[in-house]
Amino acid sequence: MRRVLLLASLILIIFQACKEPEQLSKQEEEAWLDFIEDMYVAKAAAQRLFGSERDSLEQVYYTEIYQKHGKDSTSLDSFMNRMIQDMMLEEFYQKLNDRLRILEDSIIVEQDN
């Protein structure tokens with residue numbers, strides 16, 4: 001009986017390991033891109049400050065961003081773990097980088113005008 005349970009467990013583990021990663025829906029991906037983009041913008045906005053003043057402002061910004069997007073640190077950790085497990089983190093961060101580059105270019109254009 002123990003062998004049957006062990007064999008069944010092994011088969012289950014093998015099937016789980018071979019399973020194709022579940023892709024993010026376009027809506028879910030966009031929501032996470034929006035969230036993390038806002039986090040990067042908040043970090044950049046606090047760059048001119050130092051020490052506890054910077055830390056306090058970042059904390060206020062992050063709290064607002066979590067509330068705005070309806071997320072918490074646990075959901076962020078789960079998302080990042082999923083991206084790592086499914087080996088999609090690099091692709092996700094490339095999309096985020098493209099968005100941040102567009103945002104940066106639009107800020108430069110506005111400053112030039």
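See above for the structure.
Residues numbered from 1 in each chain as written. Predicted model: local features only at pLDDT ≥ 70, side-chain atom pairs only at ≥ 80, totals over all residues. Heavy atoms only, no water.

*Asks:* So, the packing of helix 2 (residues 26-45) against helix 3 (residues 51-69): which residues are in play, and what are the values?
*Replies:* Two elements in contact, helix 2 and helix 3, have axes whose closest approach is 9 Å; the angle formed by their N-to-C orientations is 165 degrees. When the axis of helix 2 is compared with that of helix 3, the two are roughly antiparallel. The two elements helix 2 and helix 3 meet at a crossing, and its hand is right-handed. Contacts from Ala31, Asp34, Phe35, Asp38, Met39, Ala42, Lys43 and Ala45 of helix 2 reach helix 3 at Glu58, Tyr61, Tyr62, Ile65, Tyr66, Lys68 and His69. (Axes fitted to C-alpha atoms, helices over the stretch in contact; angles between N-to-C directions. Helix = DSSP H or I, 4+ residues; strand = E, 2+ residues; numbered from the N terminus. Parallel < 35°, antiparallel > 145°, perpendicular 65-115°, else oblique. Left-handed = near helix turned anticlockwise from the far one by under 90°. Contact = heavy atoms within 4.5 Å.)

*Asks:* Residue-level account of the pattern of salt bridges, with values.
*Replies:* By the definition in use, this model includes eleven salt bridges. For Asp34, the salt bridge goes to Arg99, with nearest N and O atoms at 2.3 Å. Within this pair, whereas Asp34 is found in helix 2, its partner Arg99 is found in helix 5 (residues 89-112), the two being separated by 65 residues in sequence. You can call Asp34 partly exposed: its relative accessible area is 30%. Residue Arg99 pairs with Glu37 through a salt bridge whose shortest N-O separation is 2.9 Å. (Salt bridge = Lys/Arg side-chain N within 4 Å of Asp/Glu carboxyl O. Buried < 20%, exposed > 50% of the residue type's maximum accessible area, 1.4 Å probe, protein only.)

*Asks:* Describe the nonpolar core, and please don't skip the residues or the numbers.
*Replies:* Among the nonpolar cores identified, the biggest contains 17 residues, and Phe35, Ile36, Leu76, Phe79 and Phe92 are the most heavily contacted of them. Of all the secondary-structure elements, those providing two or more residues to this core are helix 2, helix 3, helix 4 (73-85) and helix 5. It is helix 2 that provides the largest number of residues to this core, a total of six residues. Excluding anything up to four places from it in sequence, Phe92 contacts Glu29, Trp32, Leu33, Ile36, Phe79 and Met83. (Core = buried A, V, L, I, M, F, W, Y, C linked by side-chain atoms within 4.5 Å.)

*Asks:* How would you explain the packing of aromatic side chains if you had to name every residue and give the values?
*Replies:* Taken as a whole and assessed by the stated rule, the structure comprises five aromatic pairs. For the pair Trp32 and Phe35, a centre-to-centre distance of 5.6 Å together with 90 degrees between the ring planes defines the contact as edge-to-face. Residue Trp32 and its partner Phe35 are located together in helix 2, separated by three residues, close to a single helical turn. Residue Trp32 is classed as buried on the basis of its relative accessible area of 6%. Geometrically, the ring pair formed by Phe35 and Tyr66 is tilted, given 5.3 Å between the ring centres and 50 degrees between the ring planes. Within this pair, whereas Phe35 is found in helix 2, its partner Tyr66 is found in helix 3, the two being separated by 31 residues in sequence. Taken together through their ring pairs, the aromatic side chains of Trp32, Phe35, Tyr66, Phe79, Phe92 and Tyr93 make up a single cluster. (Phe/Tyr/Trp six-rings, centres within 6.5 Å; stacked < 30°, edge-to-face > 60°.)

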